[in-house]
Amino acid sequence: MKEPISIKPHHFVDIITALGGGQRVFEPHPYGHAVHVVAAGILEHPEATLRMALGADDICGPCSHNVDGVCDDTIDTSFRPAAPESKREYNLLIDRRWCERLGLEQGETLTARDLCRRIRDRAGDIADIYRENPVERSAERSVKLEKGLSMFLGE
Ligand code: SF4
């Protein structure tokens, strides 16, 4: 796929977390977004160049919820009542926290491998990044993320 791959930090984290959770193949999603294409591109090419995005990225591109570059979807707030209902607002919140934690700027380019190394070295306790979520979910996410990072980095 074309590079650099435009990707939101949390979308990248989700792909590596899914890898750690045992997912090897990403199927097309009913929304029509491109997670299966982007995930395959990243997992097959650890040296692929990524460009950090806070708005719509290459996964959002063909999504039915991407309306002129703005996500019109909502999130399930039943288990995280403090989170905003708008997926766009919630994603922005999470992505800004990831950027701050990892020292990333919007538009910055780096390889998938380097982003994994940065997450491994700087992520720390991610419960704070996902602070609207129950701690058990973040703990589970953290275990899978750590495993996914090791797998991706071949460590
Ligand atoms: S963030 Fe919104 S527009 Fe992007 S893939 Fe998800 S639902 Fe679609």
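Residues numbered from 1 in each chain as written. Predicted model: local features only at pLDDT ≥ 70, side-chain atom pairs only at ≥ 80, totals over all residues.

> What am I meant to see in the site of the ligand here?
Surrounding the ligand, one finds Y31, H33, I59, C60, C63, H65, N66, C71, D73, K87 and N91. Grouping the amino acids of the shell around the ligand by side-chain chemistry returns five nonpolar, four polar and two charged. (Near = placed C-beta within 6 Å. Nonpolar A, V, L, I, M, F, W, Y, C, P; charged D, E, K, R; others polar.)

> What's the story with unusual backbone geometry in this structure? I'm lost.
If a residue is not glycine, its phi is most likely negative; likewise, a peptide bond is most likely trans. Put simply, E3 and P4 share a cis peptide bond, and its omega is -5°. Checked against the element boundaries, P4 lands in the segment before β1 (5–7). Positioned with a positive phi, D68 is a non-glycine residue whose angle comes to about 50°. With respect to the secondary-structure elements, D68 resides in the loop between β3 (66–67) and β4 (70–71). (Helix = DSSP H or I, 4+ residues; strand = E, 2+ residues; numbered from the N terminus.)

> Whenever I open this one, the sheet that holds strand β5 (residues 109–111) confuses me. Can you help?
Pairing between the strands of a sheet is mediated by backbone hydrogen bonds and can be parallel or antiparallel. Taking strand neighbours across the sheet as the criterion, the three strands line up as β1-β2-β5 in an open arrangement whose pairing is mixed. Looking along the sheet, the strands with just one partner apiece sit at the ends: β1 and β5. For this sheet the average axis-to-axis angle between neighbouring strands, irrespective of direction, equals 40°. Pairing of strand β2 (residues 49–52) with β5, which is carried by three bridges, proceeds in the antiparallel orientation. Within β5, the residue paired with T49 across the bridge is T111. Strands β2 and β5 of the sheet are contacted by helix α4 (residues 112–122), whose axis makes an angle of about 90° with β5. (Pairing = 2+ DSSP bridges. Axes fitted to C-alpha atoms, helices over the stretch in contact; angles between N-to-C directions. Contact = placed C-beta atoms within 7 Å.)

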